[in-house]
Each structure stands twice: as C-alpha cells, then as structure tokens.
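Here is how the chains run, residue by residue.
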Number of protein chains: 2
Amino acid sequence: MKQITKHNIRNSLRRIFLYHGLLVRLNTMGVTRVFSYTLAEGAGVTPEQVRKDFSEYRIRGNRRGGYLTVTLLSEMETLFNRDRISNVILVGMGNLGQALSKYGQFIQRGINIVASFDIDPYKQKARADSNVYPPGRLQEIIERFRVTIAIITVPDISAQEVCNDLVNMGIRGIVNFSPVLLKVPVYVVVNNVNLSDEIESVVMSVSRMKEE
Amino acid sequence: MKQITKHNIRNSLRRIFLYHGLLVRLNTMGVTRVFSYTLAEGAGVTPEQVRKDFSEYRIRGNRRGGYLTVTLLSEMETLFNRDRISNVILVGMGNLGQALSKYGQFIQRGINIVASFDIDPYKQKARADSNVYPPGRLQEIIERFRVTIAIITVPDISAQEVCNDLVNMGIRGIVNFSPVLLKVPVYVVVNNVNLSDEIESVVMSVSRMKEE
DNA sequence: TATGTTTTGTGATTTGTTTCACATTAACAC
DNA sequence: GTGTTAATGTGAAACAAATCACAAAACATA
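Residues numbered from 1 in each chain as written. Chains lettered and ligands numbered in written order. Predicted model: local features only at pLDDT ≥ 70, side-chain atom pairs only at ≥ 80, totals over all residues. Heavy atoms only, no water.

Peer 1: Looking at this model, I keep getting lost on the protein's contact with DNA strand D. Mind explaining?
Peer 2: Near DNA strand D lie 22 residues; those nearest to it are Arg 64 of chain A together with Ser 36, Arg 51, Gly 61 and Arg 64 of chain B. Counting only atoms of DNA strand D within 4 Å of the protein, the sugar-phosphate share comes to 64%. Between a phosphate oxygen of DNA strand D and a side-chain N or O atom of Ser 36 of chain B, the distance comes to 2.6 Å. Here a base nitrogen of DNA strand D sits 2.7 Å away from a polar atom, N or O, in the side chain of Arg 51 of chain B. At the level of elements, helix 3 (47–56) of chain A together with helix 2 (36–43) and helix 3 (47–56) of chain B are the ones that each hand at least two residues to the surface near DNA strand D. With 4 residues, helix 3 of chain A is the largest single contributor of residues to the surface near DNA strand D. (Near = heavy atom within 4 Å. Polar contact = N/O pair within 3.5 Å; in protein donor to acceptor, adjacent residues only side chain to side chain. Helix = DSSP H or I, 4+ residues; strand = E, 2+ residues; numbered from the N terminus.)

The structure is reproduced here in structure tokens:
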C-alpha cells in the first residue's frame, strides 16, 4: 500500500480549545479579566505553557493586566473560524451516530451538523424530520452547503471506502469514530477517535498502578 | 484550589492499542506472522517506533522471524489485563451515555458495562431490562462487582461532583466525556475525552490549511 | 515623574520522544 | 556446518515540547 502521511493536529491547539472552554464558563460567571495562571490552574498546565501557546498563535495580552475575557474569547474564536459556524456532515447513523447528531454541546460550540447519511432506508424514513439522507445524495449536499468536514461513524469494514468517497467529493477534514486508522492524502486532515481505546487505556493504567 | 496532578496515560501504550486492533484483523485474515514494518505501515508510524514501544513493555519478537500473531496478541492481552474482562460502570444516560451502553465494540474488546446510572427515574424505568439504576445504588453495585473504572457522561455542571463521589466509593479510573477537565487525586487515573474538541480541532486545521 | 509591583513574552535550558544506525540473532541455502 | 540475509533490539543522535528565568511593559502610588 502506498504510504500516505496523516496530517496531525498541533498539541498547543488542543490546549487552546481547553482554555476556550474554561474561558466561556468564566465569562458567563462574570469574570472580565484572566491571567495566565487562571487558565493554567483550570487546564492543569503551567502558566508558562499557556503563554507559550498563546504566543505561538499570536494571541497577546496586557503585561501586568492579563487578558480581557471577551477579547481573548473573540481572538480564539477568530482563530477557530467561529465567526461563521462550521457546517459538517455525519455519515453512519448507528448508535453513536444518532447520539452525536443529537449531542447538544456541538451547536453551542459552533459545530452544525447539516445532514446525516445512512445506507439503511429505514433510518432515512424513521427520522424524515431529522435530515437523514441516503449516501447517493452526499455529493449534492456537500456542494450545496459547501461542507468540508465529515464525521464518520460507520462500521469498521466500510470506513475506509466511505472515507475515500468523501475525499473524492471534496471533504478535507475527517473525524473518524470507527475503529480503523484511515489512510488519506496529505491535504486531508484526519482525527481518529477510538472510544474503546480511550476506555482500555484507563483500564490498563489502573491495573498497572495496582501492581506497583 | 489545591493542585491535584492528573495521572496521564503513556503514549506508547496508546499506540500498542492501535497495533492490537490491527493485529486482531490480521489474525482473522489468517496472518500468522507479522513484522515491525507490517504494524508500522498499518498504524502510520515507523518500524523503529513499533519496536521501541514493544521494548518498553518487554514484548519481544524473534530476530529475523518477526512476531507470531497469536503470541503477540496474547502478550498484549495479558498486558491489557484482558484475560479477565474489565467491568466498568457508566454514569449519565443522556444521548451519549445510551449510545455508549449499546456500543457493540466494547464487549468485543473485553469492556463490560455492568450497570448504568441516572438520576432521572424515567430512564431507570424505561429500560428496566438494561441495568439502569439510581445513583443511590452506586456504592452497592461498585462493591458487588468490584468495579474500579467508571465512564462519566453526565452534564458538565454535575461532572466534578459525580467524579468526587465515585472516587470516594473506590473508583480508580475515569473516562470523562463531559466537557470539563476533572480534578482527581494522584492515585486516580482520568482520561478526559471532549468530543467537541475533537471535531473543532479538525475544523481549525482545515481552515488553517486553506490559508497557507 | 520616579519607584515598586505585577504580569506578560520569550530566549535559554531541560526534559521527553522519535528516529538513526548498527550490533546481534535467527533462519535458510548450499 | 558455514555464509548470507532479514529481521530484531537498543544505545546514541536528532528533534520536539515544556519549563525556567528574567527582561520588558503596564499600572498604581506618591
């Protein structure tokens, strides 16, 4: 098989999401100004790390005065392209797919699932109100909504095939919940999320701890 | 607030889960022997990385002969404590909780959700067959099944509180799907999984790529 | 306007992780 | 047996990430 490099997601960016989450909460609590150590404390990192992360993305504060909550939020949100919300599609309406399509957190975070797809005609009919389409309409909807991001929640056997199709139809970012590591061209970003692994790694760490 | 250090999960261990997944598939395909580059190719890493990871966990192969699939699988599975399956509990039966409780991949991987909990009495009744209990019965069930691992899928506001309770009741490993970073004592392992972040980071990487 | 204090911003250093390079070993051919 | 080849296993080197340490800036106060 031809080696296709996966485009990975920067570490510091991951943490900036974390800071953003904290910041949203602080903001609703009426906090107007934060310091690197405020965020560090909440995120479980050092204040230097917070500042380095900001520095890397050209986010700057006020020496002595810290950061204004609203400014910081809007700078992050610009960074996240959150001024306009992100339209994504979801492929595979099994248990996980259905749960994600109803997951309230997403829209609060500017992630809008414009349509879901499944080969099962029953799932298409059963939820006619909830935008579940057959895969045949993928191309049309991707173009209509100018979607570039897809969430894959299909079974492992079909995941790579679905992925290839999506890439051919113009998808440039994929969040993959199926338990296979997808191969994509370099110009496509993939984030492989394996839920079993997430749980197993905790199981393992705990049993190792007991041994020691 | 007192700083409580989070016990993190080793990087190499994460990759070993990946290799394991590949290996299971190769094994069912009838492959009896693998090499470091076989796994490396499938996991998107270098062969040296694979060998280093194995080396770290005292998994050794046969020079020139590579690794026997079944031996490697059983070595990994011993490592994962997979000889006996892991009993876990799930707290919070919202959309995501329900999906996870029905997620077929888990049992295949030796993860057994012995009971689910929710404060909503409707959810307890509605699925009387499916082991949904009120939180009042947590202590009892944790002790009865000797559970040490919990999956948290409650709303963000109650997450830290639920977490504290669980730790007091003897839980030593937590997989947290609520969008807060849980603080736990050093002897507890936490894996914070934020689904919005997983998607957002892809959204962001894609929009950065377009700019360049 | 000068002085002290607080907090940022970032080069320098340390720590951690991945890759390189090659000695070591096992399998096989002859 | 003996030589050749194909793999592992691992110190050393290169690279990446996190922390340290301190200069620069902003503010308060006199």
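Peer 1: I'm lost on the nonpolar core in this one. Help?
Peer 2: Formed by 42 residues in total, the largest nonpolar core has its most connected members in Ile 151, Phe 177 and Leu 195 of chain A together with Ile 151, Phe 177 and Leu 195 of chain B. Leave out the neighbours within four places in its chain, and Leu 195 of chain A touches Leu 96 and Phe 177 of chain A together with Leu 100, Tyr 103, Phe 106 and Phe 177 of chain B. (Core = buried A, V, L, I, M, F, W, Y, C linked by side-chain atoms within 4.5 Å. Buried < 20%, exposed > 50% of the residue type's maximum accessible area, 1.4 Å probe, protein only. Contact = heavy atoms within 4.5 Å.)

Peer 1: Looking at this structure, I do not really get the packing of aromatic side chains. What am I missing?
Peer 2: One pair of aromatic rings is described through two measures. These are the centre distance and the angle between the planes. This model, assessed by the stated rule, comprises 10 aromatic pairs over all chains. On the numbers, 5.4 Å between centres and 20° between planes, the contact of Phe 35 of chain A with Tyr 37 of chain A is stacked. Looking at Phe 35 of chain A, the relative accessible area reads 26%, which means it is partly exposed. Seen from their ring centres, Phe 117 of chain B and Tyr 133 of chain B are 5.9 Å apart, and the 40° between their planes marks the pair as tilted. In this pair, Phe 117 of chain B sits in strand 4 (residues 111–117) while Tyr 133 of chain B sits in strand 5 (residues 132–133), placing the two residues 16 residues apart along the sequence. Like Tyr 133 of chain B, Phe 117 of chain B is buried. Among the aromatic residues, those joined into a ring-pair cluster are Tyr 19, Phe 54 and Tyr 67 of chain A. (Phe/Tyr/Trp six-rings, centres within 6.5 Å; stacked < 30°, edge-to-face > 60°.)

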